[in-house]
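Chain and residue survey
Chain by chain, the residues:
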Amino acid sequence: MNNEKLFIFFGATGNLFTEKIFPAFYHLIRRGKIDNFHILAIGRRFRDEQSYQSFLRQSLSNKIPNLDYSVLDRLFQKTDYYQGDVDDPQPLMSFLTEYHLISYQEVLFYLSTLPSIYTRVLRLIERINEHIPSNIPKKVIIEKPFGFDKKSFIYLNQLFSRLAPERNIFYVDHYLGKDTVQNIIVLKAENWFIENLLSAGYVKEIHIVVSEKEGVGSRGQFYEETGAIRDIFQNHLLQLLSLVAMDIPPLCQEDKIECSSFLNSMQQKKIEVIQNLKLPSAKQVFLGQYQSYAQEISNPFSKTETFIRLPLYISSKRWSGVPFWIITGKKLAQKISYIEIVFHSTTSNENRLIIEIQPEEKIDLVIQVKIPGMGLSSSPVHLNFNSLGTFGINSPEAYENILIDCYRGDKTLFSNSQFILHSWEIVDKLKELICKEQVQVEKYADNYYHAEEFINLKK
Ligand SMILES: NC(=O)c1ccc[n+]([C@@H]2O[C@H](COP(=O)([O-])OP(=O)(O)OC[C@H]3O[C@@H](n4cnc5c(N)ncnc54)[C@H](OP(=O)(O)O)[C@@H]3O)[C@@H](O)[C@H]2O)c1
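Note that the coordinates shown come from a computational prediction; the quantities given were computed from them, not determined experimentally.

Parameters at a glance
Residues numbered from 1 in each chain as written. Predicted model: local features only at pLDDT ≥ 70, side-chain atom pairs only at ≥ 80, totals over all residues. Helix = DSSP H or I, 4+ residues; strand = E, 2+ residues; numbered from the N terminus. Rg over C-alpha atoms; globule rule 2.2 N^0.38 Å. Buried ≥ 20, exposed ≤ 12 C-beta atoms within 10 Å, placed from the backbone. Contact = placed C-beta atoms within 7 Å. Axes fitted to C-alpha atoms, helices over the stretch in contact; angles between N-to-C directions. Parallel < 35°, antiparallel > 145°, perpendicular 65-115°, else oblique. Nonpolar A, V, L, I, M, F, W, Y, C, P; charged D, E, K, R; others polar. Expected span 1.5 Å × (residues − 1). Near = placed C-beta within 6 Å. Pairing = 2+ DSSP bridges. Domains from an automatic or database assignment. Core = buried A, V, L, I, M, F, W, Y, C linked by C-beta atoms within 7 Å. Left-handed = near helix turned anticlockwise from the far one by under 90°.

**Comments concerning the overall build of the protein**
On a plain count of helices and strands, the protein comes out with 14 helices and 16 strands. Compactness check: the protein gives a C-alpha radius of gyration of 23 Å against a globular reference of 23 Å for 459 residues, within 12% of the reference. Dimensions of the protein, computed from C-alpha atoms along their principal axes, come out at roughly 80 × 55 × 40 Å. Across the 459 residues of the protein, 38% fall into the buried class. Counting contacts in the protein only where the partners sit at least 6 residues apart, residues at least 24 apart contribute 78% of the total.

Right under this line is the structure:
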């Protein structure tokens, strides 16, 4: 047995793998963070390894300035490609059973593919699994959306449980891999005054925004299956909400990073938030579709929402009556994700705490100060922290953190099945409300509106 771990990627010709995962491997090798691994890349589009490699070479050279070709070549030495179709599983099965899976220290199955084929891939993995001795650990890594609704998630979860115990199932929500999102934990846990200010007595409302400039592009088929509610709301937005709203458990003084009791209680606290979420009335739910969407996906009758805005409430003493405005959409004027906490104020200028997740990683606190020489006249100013400016380095890309954690088996940054189950309950109820109350999907002009313009609309 060699000491390498084997990643098997289903969907290795797709957007996620080529745009995020493969570049993350490149950076990890370049920075000497990971070495003992091998990749088996499975996709349909390319007939052979040579054409697959030249596609990746082109894609990386467009993406990474000053690409180091020696690093890339090293990564290629670690990557095999196989053209396989999950809908024609026999040749793929034969190939995999002859692939010497048993010579690896661990096998990590990574589903970087369309959610509609997850169950077929999992059944295939189940068959492959029969050829791997039980003493070789297996992990299954899956990308959101995890199913389509609560029922399909329960079914997926049953398939997982036949492959590996829950501790070896990694539900990826790449927002949790971002340093700024992890910073919410530190901000609350290590700045006790902030954790205390985050409550109904001080907070008027909270805005959680994921605004995209791009449309669906080549991901039309995928997007028609999901829409904004399943693509972004069910996972990223509910994760951000629960991080902001949870009661932070006490930090372990001896080892903050590895403290498993802290991390376990944090998962539990997030679940408590999501179990107590309340939907608003249908009147407060706004659904939109960007003007050119239907044409872009060649379906003039599509009712898929590319935008959603609604307030959510938490039934707890801490958050009683505070609206958490959730806003996400495609083809808006700006690409930006942030959380904005608006505090009650005695003046018309509100105090705000803004945690920007992308494109910049920064935290802004807006306070009032006296204008020099103007009596007691005041003006809002920003006290700000910018990760690059302060630490002089860019945070690693989310997928670098995710790959390393899967490799090491660290589940801190991953969702868990209980959280996902409850998040699907919210989504199912929301879908039911939309259907019962016939909430219409309204058109909006491409790349024209800023996300916050929708907050006051029909409030
Ligand atoms: N793209 C992102 O930035 C991103 C970010 C976060 C999460 N995700 C999640 O990642 C997953 C993949 O997204 P994506 O954007 O990469 O989708 P994509 O670009 O549509 O790629 C889908 C991949 O699945 C392969 N595939 C489809 N049907 C197959 C079959 N029958 N047999 C074998 N392979 C098959 C495709 O192969 P061919 O193209 O070769 O036919 C392609 O490699 C989704 O769950 C998505 O939600 C994506």
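**A few points about the packing of helix H6 (residues 150-163) against helix H14 (residues 417-436)**
Taken N-terminus to C-terminus, the directions of H6 and H14 make an angle of 160°; their axes are 8 Å apart at the nearest point. Relative to H14, the element H6 is oriented roughly antiparallel. Listed contacts from H14 to Lys150, Phe153 and Asn157 of H6 are Ser417, Ile420, Leu421, Trp424, Glu425 and Asp428. Its residues assigned to classes, the contact of H6 with H14 shows four nonpolar, two polar and three charged.

**Some thoughts on H14**
For an α-helix, 3.6 residues make a turn, and residues three or four places apart therefore share a direction. Taking 1.5 Å per residue, 20 residues should reach 28 Å; H14 reaches 28 Å between its end C-alpha atoms and fits that length. Those residues of H14 that sit buried are Phe419, Ile420, His422, Ser423, Trp424, Ile426, Val427 and Leu430.

**Examining the site of the ligand**
Near the ligand you find 25 residues, and of these Gly11, Gly14, Asn15, Leu16 and Arg45 are the closest. Ranked by residues supplied to the shell around the ligand, first place goes to helix H1 (residues 15-30) with four residues. Class assignment of the residues belonging to the shell around the ligand gives a composition of eight nonpolar, eight polar and nine charged.

**Section: unusual backbone geometry**
One can expect most non-glycine residues to show negative phi and most peptide bonds to be in trans. Here Lys144 and Pro145 are connected by a cis peptide whose omega angle stands at 0°. The topology assignment puts Pro145 in the loop between strand S5 (138-143) and H6. Cis peptide bonds are those with omega within 30 degrees of zero, and the linkage from Gln358 to Pro359 qualifies with 5°. Position of Pro359 among the secondary structure elements: in the loop between strand S13 (352-358) and strand S14 (362-370). Here the phi dihedral of His100 falls at roughly 60°; this positive angle occurs in a residue that is not glycine. Structurally, His100 can be placed in the loop between helix H4 (89-97) and strand S4 (106-111).

**Things to note about the pairing of S13**
Of the strand pairs in this sheet, strand S12 (residues 336-343) and S13 are connected by six bridges, and their pairing is antiparallel. Bridged to Tyr338 within S13 is Glu356. Judged from the five bridges that link them, S13 and S14 form a sheet pairing that is antiparallel. When the bridges of S14 are listed, Glu356 appears paired with Lys362.

**Quick notes on the environment of Gly84**
By the secondary structure assignment, Gly84 is in the loop between strand S3 (79-83) and H4. The exposure class assigned to Gly84 is partly exposed, which follows from the 19 C-beta atoms found within 10 Å. Remark: the alpha-carbon pair of Gly84 and Lys5, spanning 79 residues in sequence, is separated by 21 Å. Discounting residues that sit within four places of it in the chain, Gly84 has contacts with Ile42, Pro91, Leu92 and Phe95.

**What about the domain arrangement of the protein?**
Each assigned domain of the protein is listed here: domain 1 (5-143) and domain 2 (176-454). Using C-alpha coordinates to define each centre, domain 1 is positioned 31 Å away from domain 2. If you look at the interface, domain 1 gives 17 residues, while domain 2 gives ten residues. Listing elements by their share of the side of domain 1 that touches domain 2, those giving two or more residues are H1 and S5. Ranked by the residues each element gives to the side of domain 1 that touches domain 2, the list is headed by H1, at seven residues. A per-class count over the side of domain 1 that touches domain 2 returns ten nonpolar, three polar and four charged.

**Describing the nonpolar core**
Membership of the largest hydrophobic core comes to 114 residues, with the highest contact counts inside it found for Ile8, Phe9, Ile141 and Ile208. Top element by residues in this core is helix H9 (residues 220-245). It accounts for eleven residues. For Phe9, the contacting residues outside a window of four places in its chain are Phe17, Ile39, Leu40, Ala41, Ile42, Tyr110 and Ser112.

**What about the packing of helix H5 (residues 118-129) against H6?**
Viewed as axis vectors pointing N to C, H5 and H6 meet at an angle of 15°, and their least axial separation amounts to 10 Å. Judged by the inter-axis angle, H5 sits roughly parallel to H6. Seen along the crossing, H5 lies across H6 with a hand that is left-handed. Residues Tyr118, Thr119, Leu122, Ile125, Glu126 and Asn129 of H5 pack against Leu156, Leu159, Arg162 and Leu163 of H6. Per-class residue counts for the contact of H5 with H6 are six nonpolar, two polar and two charged.

**Focus on the sheet that holds S4**
Taken together, six strands build an open sheet; the order of strands is S3-S2-S1-S4-S5-S6 and the sheet is parallel. In this open sheet, the two strands that pair with only one neighbour each are S3 and strand S6 (169-172). Each strand of the sheet is rotated relative to its neighbour by a mean of 20°, with strand direction disregarded.

**Observations regarding the environment of Tyr202**
Along the polypeptide, Tyr202 turns up in the loop between helix H8 (192-197) and strand S7 (203-211). In this structure the C-alpha to C-alpha distance between Tyr202 and Phe25, which are 177 residues apart in sequence, comes to 44 Å. Setting aside chain neighbours within four positions, we find Tyr202 in contact with Leu197, Phe343 and His344.

**Structural notes on the environment of Leu251**
With respect to the helices, strands and loops of the structure, Leu251 is situated in the loop between H9 and helix H10 (260-275). Sequence separation between Leu251 and Asp428 is 177 residues; the distance between their C-alpha atoms is 35 Å.

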